[in-house]
Amino acid sequence: QVHLVESGGGLVQAGGSLRLSCAASGLTFSSYIMGWFRQAPGKEREFVAAISWITEYADSVKGRFTISRDNGKNTVYLQMNSLKPEDTAVYYCAADWESRLRPSHRTTGTYKYWGQGTQVTVSS
């Protein structure tokens, strides 16, 4: 059974940094595209970043956030710098059994497995 467990969320002031982690189990981690999404109150879940051996980012986070993975630890990370109040959301990691990063990996329906999410709150 596949499990994705996010951690590292919290409360931070605008301009600060956080590093999210997502630990995966029950899958051959290196064979999966890993993605980060976020959902703010009253809004739809939106794409943040994804990684295979290359990376993709939403325009809203490009230059501020960095996605990375450690296949030896079955973990994907999201380093978030220069945080803004509009980054406040629940952040979710997701996994898709696919070797090649595609435009569809920017959509929630592409991913089969999801974590429970971790709250990130950025105060102004």
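These figures come from a predicted structure and were not determined experimentally.

Caption draft 1: Here's a closer look at the sheet that holds strand β7 (residues 65-70). Spatially, β1-β3-β8-β7 is the arrangement adopted by the 4 strands of the open sheet, whose pairing is antiparallel. Each having just a single partner strand, β1 (3-7) and β7 make up the two edges of the open sheet. Taking the axes of each pair of neighbouring strands and ignoring which way they run, one obtains an average angle of 15 degrees across the sheet. With 5 bridges joining them, β1 and strand β3 (residues 18-25) adopt antiparallel strand pairing. Across the sheet, H3 pairs through a bridge with S25, a residue of β3.

Caption draft 2: Broad picture of the pattern of salt bridges. According to the stated counting rule, one finds 6 salt bridges in the structure shown. The shortest N-O distance in the salt bridge between R38 and D87 comes to 2.9 Å. Pair noted here: R38 is in strand β4 (residues 32-39) and D87 is in the loop between β8 (75-80) and β9 (89-97), with a separation of 49 residues, a long-range link. As far as the burial class goes, R38 and D87 line up, both buried. Here D87 ties to R64 by a salt bridge, and the two come within 2.8 Å at their closest N and O atoms. Of this pair, D87 sits in the loop between β8 and β9 while R64 sits in the loop between β6 (55-57) and β7, placing them 23 residues apart in sequence. Neither D87 nor R64 differs from the other in exposure class; each is buried.

Calculation notes
Residues numbered from 1 in each chain as written. Predicted model: local features only at pLDDT ≥ 70, side-chain atom pairs only at ≥ 80, totals over all residues. Heavy atoms only, no water. Pairing = 2+ DSSP bridges. Helix = DSSP H or I, 4+ residues; strand = E, 2+ residues; numbered from the N terminus. Axes fitted to C-alpha atoms, helices over the stretch in contact; angles between N-to-C directions. Salt bridge = Lys/Arg side-chain N within 4 Å of Asp/Glu carboxyl O. Buried < 20%, exposed > 50% of the residue type's maximum accessible area, 1.4 Å probe, protein only.

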